[in-house]
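These are the residues of each chain, in order.
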Amino acid sequence: MTDWMKAAQSQEKSYLKDLTNLLKIPSVRDDSAATDEYPLGPMPAKALQEFLKMAKQDGFRTKNIDNLVGYAEWGEGDETLAILAHLDVMPAGKGWDTDPFDPVIKDGNLYARGASDDKGPGMACYYALKYLKDQGVKFNKKVRFIVGTDEESNWTGMHRYFEVEPAPTMGFSPDAEFPVINGEKGQFSLLLDVPAGNSGKTQLKSFQSGLRFNMVPREAVAEITVPDKEQVTSEFGQFIENNPVTGKVEETMDGLKLTVIGKAAHGMEPEKGINAGTYLATFLNKYDFAGGAASFISFLAKYLHLDTRMEKFDCSFTDDVMGELTMNAGILNYDEENGGKINMNFRYPKGITPDEIQAKVEKVTKALAITVNQGDGQLPHYVDPDDPIVKTLMEAYIDISGDQNAKPEVVGGGTYGRLMKRGVAFGALMPNTPNTMHQANEFQPVNDLITSMAIYMQAINNLVTD
Ligand SMILES: [Zn+2]
């Protein structure tokens with residue numbers, strides 16, 4: 001049996017050289033520089049062209065589809081194994097200790113934008129495929145190594161691929177973590193409209209909380225007019241003291257401006273955040289609002305507050321293998337003239353549908369004259385753990401890592417794996433390595449990258465010779 005670790009180590013030098021080349025390209029999607037030739041801006045396409053040039057020199061059949069997506073292909077047969085990686089990166093952002101587009105290795109860690117998402121893992125997987133090809137392994141199926149150039153935004157490239165190329169038999173995406181991710185929850189939002197109206201003694205001028213549907217709002221600001229400013233100010237002070245938030249009160253021309261600070265978190269794990277908006281509404285709920293303003297405040301306070309599992313809507317749901325339905329109240333806005341807009345974002349397992357969830361929400365909103373519309377979404381995705389693609393990948397991971405207890409996992413959302421019926425995500429973040437994707441000082445330990453290359457070697461080898 002081949003010693004895959006040794007094989008991967010033999011590739012380290014040339015792997016790091018080719019990877020460095022790609023990491024130096026700031027392949028951030030830039031719509032302001034888009035042209036007919038470069039629909040996503042020139043830099044993602046440049047990374048694609050560099051990759052395809054290298055793959056061609058390495059002896060692969062290659063194709064560039066509209067400067068959006070491309071592939072390197074090897075092997076023959078009726079079946080196709082697809083490997084889906086991406087060459088675009090998130091903008092660098094602030095706070096880096098080194099140049100994000102000039103890779104450096106410090107204490108065994110490779111630092112660069114894209115080191116762990118996804119150029120580092122993608123190239124480790126490409127090198128695994130190249131090694132097997134160069135060793136003369138006889139492939140019983142085609143392998144297509146497909147690279148997208150806007151995974152971090154709309155997946156335009158990968159969607160184009162699936163429009164114009166035949167669907168692969170099965171596949172995986174080296175753009176997440178080990179072990180195998182064989183399930184992703186579905187996702188959709190309910191968009192709620194609250195009528196305007198403000199006839200109470202206390203009036204809600206405006207309420208703003210949340211920037212994105214998939215983040216827990218960190219901040220909430222409300223402007224109100226009240227009969228007794230002093231009383232509200234002192235009660236607000238007590239509220240802040242008794243709750244896990246901070247905040248401040250400012251006097252305005254005709255009232256008060258209240259600010260609450262909670263804690264942001266990703267919308268797929270809303271329980272890890274502190275929703276500033278629902279806390280602020282909980283404070284305001286005892287005052288004498290009327291009409292739409294009252295509906296808005298009481299809906300947030302009574303139903304959305306601390307209810308990421310939808311218990312107050314009588315809609316909590318758990319699937320044995322895919323886990324719980326979760327809800328993030330990500331955008332909570334109100335203004336005097338237009339009324340309120342609320343975005344409830346859901347991650348749901350198989351076994352429950354958006355229509356069923358909407359019906360439960362409407363049972364509550366009807367009495368408050370709030371209307372509910374369903375936004376676009378994605379269905380839950382699940383590949384049977386007994387499917388050979390899952391089994392073969394799990395075996396390769398366990399053999400090389402020695403992690404005997406590893407089990408396939410279900411996550412809250414969004415990898416390329418869901419584009420294929422038999423598609424999963426596989427690596428390359430190791431369970432004990434910090435996740436620095438999308439952050440300043442993004443890195444991946446070089447040893448992890450080489451270990452992941454060994455895992456990909458065994459996995460691809462067993463998939464193309466079974
Ligand atoms: Zn990625």
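Conventions adopted
Residues numbered from 1 in each chain as written. Predicted model: local features only at pLDDT ≥ 70, side-chain atom pairs only at ≥ 80, totals over all residues. Heavy atoms only, no water. UniProt positions renumbered as here; feature names shortened; annotations may be inferred. Donors = N, O, S within 2.8 Å, 3.2 Å for Na, K, Ca; no water. Tetrahedral: all angles 85-135°; square planar, octahedral: opposite > 155°, others 65-115°. Core = buried A, V, L, I, M, F, W, Y, C linked by side-chain atoms within 4.5 Å. Buried < 20%, exposed > 50% of the residue type's maximum accessible area, 1.4 Å probe, protein only. Helix = DSSP H or I, 4+ residues; strand = E, 2+ residues; numbered from the N terminus. Contact = heavy atoms within 4.5 Å. Pairing = 2+ DSSP bridges. Axes fitted to C-alpha atoms, helices over the stretch in contact; angles between N-to-C directions. Parallel < 35°, antiparallel > 145°, perpendicular 65-115°, else oblique. Left-handed = near helix turned anticlockwise from the far one by under 90°. Nonpolar A, V, L, I, M, F, W, Y, C, P; charged D, E, K, R; others polar. 1 Å grid on protein atoms, 1.4 Å probe; cavity = no way out; pocket = protein on both sides within 12 Å on 5 of 7 lines; lining within 4 Å. Points joined across faces, edges and corners; volume = space filled by probe spheres on them. Salt bridge = Lys/Arg side-chain N within 4 Å of Asp/Glu carboxyl O.

Going by what an unreviewed UniProt entry lists, the protein is known as Dipeptidase PepV and is assigned to Limosilactobacillus vaginalis. The protein has a UniProt comment under Cofactor (unreviewed entry) that states "Zn(2+)".

Student: Looking at this model, I keep getting lost on the coordination of the zinc ion. Mind explaining?
Tutor: Tetrahedral metal sites with four donors have an ideal angle of 109.5 degrees; octahedral sites with six donors have ideal angles of 90 or 180 degrees. Looking at the zinc ion, one finds its protein donor set to be H86 (NE2), D117 (OD), D175 (OD) and D175 (OD), positioned 1.9 to 2.6 Å from the metal centre. One way to put it: the 4 donor atoms around the zinc ion meet at angles of 53 to 144°, and that makes the site irregular.

Student: Explain the nonpolar core to me, please; I cannot follow it from the model alone.
Tutor: Counting 66 residues, the largest nonpolar core has Y15, F51, F172, F426 and I460 as its most contacted members. No other element matches helix α11 (residues 446-465), which puts 12 residues into this core. Apart from the residues lying within four places of it in its own chain, the contact partners of F51 are L22, A72, L87, M123, Y126, F145 and V147. Ranked by size, the runner-up nonpolar core spans 52 residues in total, among them V260, L325, L332 and V364.

Student: Just checking my understanding: could you explain the sheet that holds strand β24 (residues 443-445) for this structure?
Tutor: Within a sheet, each strand pairs with its neighbour through backbone hydrogen bonds, oriented either parallel or antiparallel. Spatially, β4-β5-β24 is the arrangement adopted by the 3 strands of the open sheet, whose pairing is antiparallel. Edge strands, defined here as strands with exactly one partner in the open sheet, are β4 (104-106) and β24. Neighbour to neighbour, the strand axes of the sheet diverge by 30° on average, direction disregarded. Of the strands in this sheet, β4, β5 (109-111) and β24 touch α11, which is tilted by about 65° from β24.

Student: How do you make sense of the packing of helix α10 (residues 388-401) against α11 when you look at a structure like this?
Tutor: Between two packed helices, both the angle of their axes relative to each other and the distance between the axes serve to describe the pair. In contact at an axis separation of 9 Å, α10 and α11 are set at 140° when each is read in the N-to-C sense. Considering the angle they form, α10 stands oblique to α11. As for the relative orientation of α10 and α11, their crossing is right-handed in sense. Where α10 abuts α11, its residues I389, T392, L393, E395, A396, Y397, D399 and I400 lie against T451, A454, I455, Q458, A459, N462 and L463. Residue classes in the contact of α10 with α11 are distributed as 9 nonpolar, 4 polar and 2 charged.

Student: Please explain the packing of helix α6 (residues 229-242) against helix α7 (residues 276-284) as it appears in this structure.
Tutor: The interhelical angle for the contact between α6 and α7, taken along N-to-C directions, is 135°, at an axis separation of 11 Å. Judged by the inter-axis angle, α6 sits oblique to α7. Both α6 and α7 take part in a crossing whose hand is right-handed. Across the interface between the two elements, V232, E235, F236 and F239 of α6 pack against Y279, L280, T282 and F283 of α7. Grouping the amino acids of the contact of α6 with α7 by side-chain chemistry returns 6 nonpolar, 1 polar and 1 charged.

Student: What's the story with empty space enclosed by the protein in this structure? I'm lost.
Tutor: Which parts of space are left empty comes out when a probe the size of a water molecule is rolled across the atoms. Scanning the entire structure with this criterion turns up 1 cavity of 30 Å³ or more. By volume, the largest cavity amounts to about 50 Å³. Lining the largest cavity, in full, are F51, A85, H86, L87, D118, K119, G122, M123, F145 and V147. Elements represented by at least two residues in the lining of the largest cavity include exactly β3 (80-86), α4 (119-134) and β6 (142-148). For the lining of the largest cavity, the leading source of residues is α4, giving 3 residues. For the lining of the largest cavity, the residue count by class is 6 nonpolar, 2 polar and 2 charged.

Student: Honestly, the sheet that holds strand β12 (residues 219-225) in this entry has me stumped. Any pointers?
Tutor: Sheet architecture is open: 8 strands sit in the order β13-β14-β12-β11-β17-β18-β10-β19, paired in antiparallel fashion. With one partner strand each, in any of the chains shown, β13 (246-251) and β19 (371-378) form the two edges of the open sheet. Strand-to-strand twist in this sheet, taken as the mean axis angle between neighbours without regard to direction, amounts to 20°. Of the strand pairs in this sheet, strand β10 (residues 186-194) and strand β18 (residues 339-348) are connected by 9 bridges, and their pairing is antiparallel. Residue pairing in the sheet places F188 in a bridge with F346 of β18. Helix α8 (residues 291-304) contacts β10, β11 (203-209), β17 (326-335) and β18 of the sheet and is inclined by roughly 160° relative to β17.

Student: How should I be thinking about the pattern of salt bridges in this particular structure?
Tutor: A pair can form between side chains of opposite charge whenever their charged atoms are brought close. Throughout the structure, instances matching the rule amount to 26 salt bridges. When the shortest N-O distance is used, the salt bridge between E271 and R309 registers 3.0 Å. One end of the pair, E271, is in the loop between β14 (256-261) and α7; the other, R309, is in the loop between α8 and β15 (318-319), and 38 residues separate them in sequence. Owing to a relative accessible area of 40%, E271 belongs among the partly exposed residues under this scheme. Judged by relative accessible area, R309 falls into the buried class, the value being 17%.

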